[in-house]
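# Per-entry structural report
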Amino acid sequence: MTENEAIREVRFNMSTIGLSDKAAKRVVEARNMAIKALEKQIPKKPIFNHNLSDTLSLFHCECGNTIKVSHDIGIMDNNNAPNYCSKCGCRLDWSDE
């Protein structure tokens, strides 16, 4: 099962039928929390801003957090880019694909 499939399952299959208002509210809150956590695990491409130098580039996450990445001259291979955003926790995808 992929992350997107799991999100769909959680969104549509957590029934609150027959629960008290308080219990139903807790189920909805838990579902929303689970969906947010799953969505953060889906890798997202960081957005390129500009090169600060031959070996330092500036990117940002969807949340707006700035990410400075040092790399070999002219290429992004063997960089020290973080796997997760330090602000929102989103998983980052640095692949060329």
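These remarks concern the structure in this document. The structure displayed is predicted, hence computed values, not measured ones.

### Quick word on the side chain of Ser57
On the secondary structure map, Ser57 appears in strand β2 (residues 56–60). Residue class for Ser57 comes out buried when judged on its relative accessible area of 2%. In this view, Ser57 contacts Phe48, His50, Asn51, Leu52, Ile67, Lys68, Val69 and His71; residues no more than four positions away in its chain are not counted.

### What about the nonpolar core?
The biggest cluster of nonpolar side chains holds eight residues, and these are Phe59, Cys61, Ile67, Val69, Ala81, Cys85, Cys90 and Leu92. Discounting residues that sit within four places of it in the chain, Ile67 has contacts with Ser57, Leu58, Phe59, His60, Cys61, Pro82, Leu92 and Trp94.

### Details of the pairing of β2
Taken residue by residue, a regular strand's side chains alternate between the two faces of the sheet. The pairing of strand β1 (residues 47–53) with β2 spans five bridges and is classified as antiparallel. Looking across to β2, one finds that Phe48 is bridged to Phe59. Linkage of β1 to β2, two consecutive antiparallel strands, is achieved through a turn of two residues. Relative to strand β3 (residues 66–70), β2 runs antiparallel, the two being bridged by five bridges. Residue Phe59 lies in a different strand from β3, and its bridge partner there is Ile67.

### Quick notes on the packing of aromatic side chains
Across all of its chains, the model carries two aromatic pairs by this definition. The interplanar angle of 70° and the centroid separation of 5.4 Å between the aromatic rings of Phe48 and Phe59 together place this pair among those described as edge-to-face. Of this pair, Phe48 sits in strand β1 while Phe59 sits in strand β2, placing them 11 residues apart in sequence. Note on Phe48: relative accessible area 45%, which makes it partly exposed. Relative to Trp94, the ring of Phe59 lies with its centre 5.0 Å away and its plane at 90°, an arrangement referred to as edge-to-face. Here the residue Phe59 occupies a position in strand β2, and Trp94 occupies one in the segment after β3, the gap between them amounting to 35 residues. Taking relative accessible area as the criterion, Phe59 reaches 8% and is therefore assigned buried. Members of the aromatic cluster, joined through ring pairs, are Phe48, Phe59 and Trp94.

### Focus on the state of the cysteines
A complete count under the given rule lists zero disulfides for this structure. Looking at the unpaired Cys88, the closest cysteine sulfur is the one in Cys61, lying at 3.8 Å. Of the residues examined, Cys88 reaches a relative accessible area of 22% and is grouped as partly exposed.

Reading the values: the criteria
Residues numbered from 1 in each chain as written. Predicted model: local features only at pLDDT ≥ 70, side-chain atom pairs only at ≥ 80, totals over all residues. Heavy atoms only, no water. Helix = DSSP H or I, 4+ residues; strand = E, 2+ residues; numbered from the N terminus. Buried < 20%, exposed > 50% of the residue type's maximum accessible area, 1.4 Å probe, protein only. Contact = heavy atoms within 4.5 Å. Core = buried A, V, L, I, M, F, W, Y, C linked by side-chain atoms within 4.5 Å. Pairing = 2+ DSSP bridges. Phe/Tyr/Trp six-rings, centres within 6.5 Å; stacked < 30°, edge-to-face > 60°. Disulfide = S-S within 2.5 Å.

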